[in-house]
Amino acid sequence: ILLAEDNELNWEVAREMLSVLEMELDWVENGKICVEKFEHSPEGWYDIILMDLRMPVMTGYEAAAAIRGLARSDAAKVPVIAVSADAFEDDIQKCLDCGMNAHVAKPIDVREVARLLEKYMK
């Protein structure tokens, strides 16, 4: 899992909660680093990207769109899930419009993340 989250405390909480899923978790502090880390990873390395929306340098919306625009086979297929306190219908639609697959409200519900992993990793 690649987690883009600018708040270190939120990263720590997410790491603890997601540890029950027994998946390796990489953390990046903003959308730009997320795009770069994904772009320089081997194709198929990441099973899913969890993306905060409000980050410095590059927002989650911009990062998701940039990842979808990369010229590599997994860029269009890797599930990108928004993880944000912004959970109004308009926020969720904006996530879908920029290429994200789904939205999970903060605080993270690990059962919902597990359900989405199961759904998108078939």
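Relevant structure appears above.
Let us look at the structure shown here. Bear in mind that the values here come from a model prediction, so they are computed numbers and not experimental data. (Residues numbered from 1 in each chain as written. Predicted model: local features only at pLDDT ≥ 70, side-chain atom pairs only at ≥ 80, totals over all residues. Heavy atoms only, no water.)

### With respect to the overall build of the protein chain
Then comes step 1: When helices and strands are counted, the protein chain shows five helices and five strands.
Then comes step 2: Going residue by residue from the N terminus, the α and β elements of the protein chain occur as β-α-β-α-β-α-β-α-β-α.
Then comes step 3: Expected size for 122 residues packed as a compact globule is a radius of gyration near 14 Å; at 13 Å, the protein chain falls within 12% of this value.
Then comes step 4: Expressed along its principal axes, the backbone C-alpha trace of the protein chain runs to roughly 35 × 30 × 25 Å.
Then comes step 5: In the protein chain, buried positions account for 45% of the 122 residues.
Then comes step 6: In the protein chain, the share of contacts with a sequence separation of at least 24, taken over all contacts with a separation of at least 6, comes to 62%. (Helix = DSSP H or I, 4+ residues; strand = E, 2+ residues; numbered from the N terminus. Rg over C-alpha atoms; globule rule 2.2 N^0.38 Å. Buried < 20%, exposed > 50% of the residue type's maximum accessible area, 1.4 Å probe, protein only. Contact = heavy atoms within 4.5 Å.)

### What to know about helix H5 (residues 110-120)
Counting along an α-helix, one turn takes 3.6 residues, and residues three or four places apart therefore face a common direction.
Then comes step 1: Residues of H5 that are buried: Val113, Leu116 and Leu117. The arc enclosing the buried residues of H5, seen along the axis, measures out at 105°, which places them on a common side. With respect to the buried face of H5, the exposed residues turned more than 90 degrees away are Arg111 and Glu118.
Then comes step 2: Tucked into the core, H5 has its buried residues touching helix H1 (8-18), strand E3 (49-51), strand E4 (80-84) and strand E5 (102-105).
Then comes step 3: Taking the backbone nitrogen of Arg111 as reference, a side-chain oxygen 3.0 Å away marks Asp109 as the first, capping residue of H5. (Arc of directions from axis to C-beta. Polar contact = N/O pair within 3.5 Å; in protein donor to acceptor, adjacent residues only side chain to side chain.)

### Regarding the pattern of salt bridges
Then comes step 1: Scanning all chains against the criterion turns up eight salt bridges.
Then comes step 2: For the salt bridge of Arg54 with Asp86, the shortest nitrogen-to-oxygen distance reads 2.5 Å. Of this pair, Arg54 sits in the loop between E3 and helix H3 (60-68) while Asp86 sits in the loop between E4 and helix H4 (89-97), placing them 32 residues apart in sequence.
Then comes step 3: Its relative accessible area of 16% is what places Asp86 among the buried residues. (Salt bridge = Lys/Arg side-chain N within 4 Å of Asp/Glu carboxyl O.)

### Some words on the environment of Ala14
Then comes step 1: With respect to the helices and strands, Ala14 occurs in helix H1.
Then comes step 2: Relative accessible area serves as the criterion here: at 2%, Ala14 is assigned to the buried category.
Then comes step 3: Between the C-alpha atoms of Ala14 and Cys34, which are 20 residues apart in sequence, the distance is 16 Å.
Then comes step 4: Beyond its immediate chain neighbours, meaning those up to four positions away, Ala14 contacts Leu3, Leu25 and Ile108.

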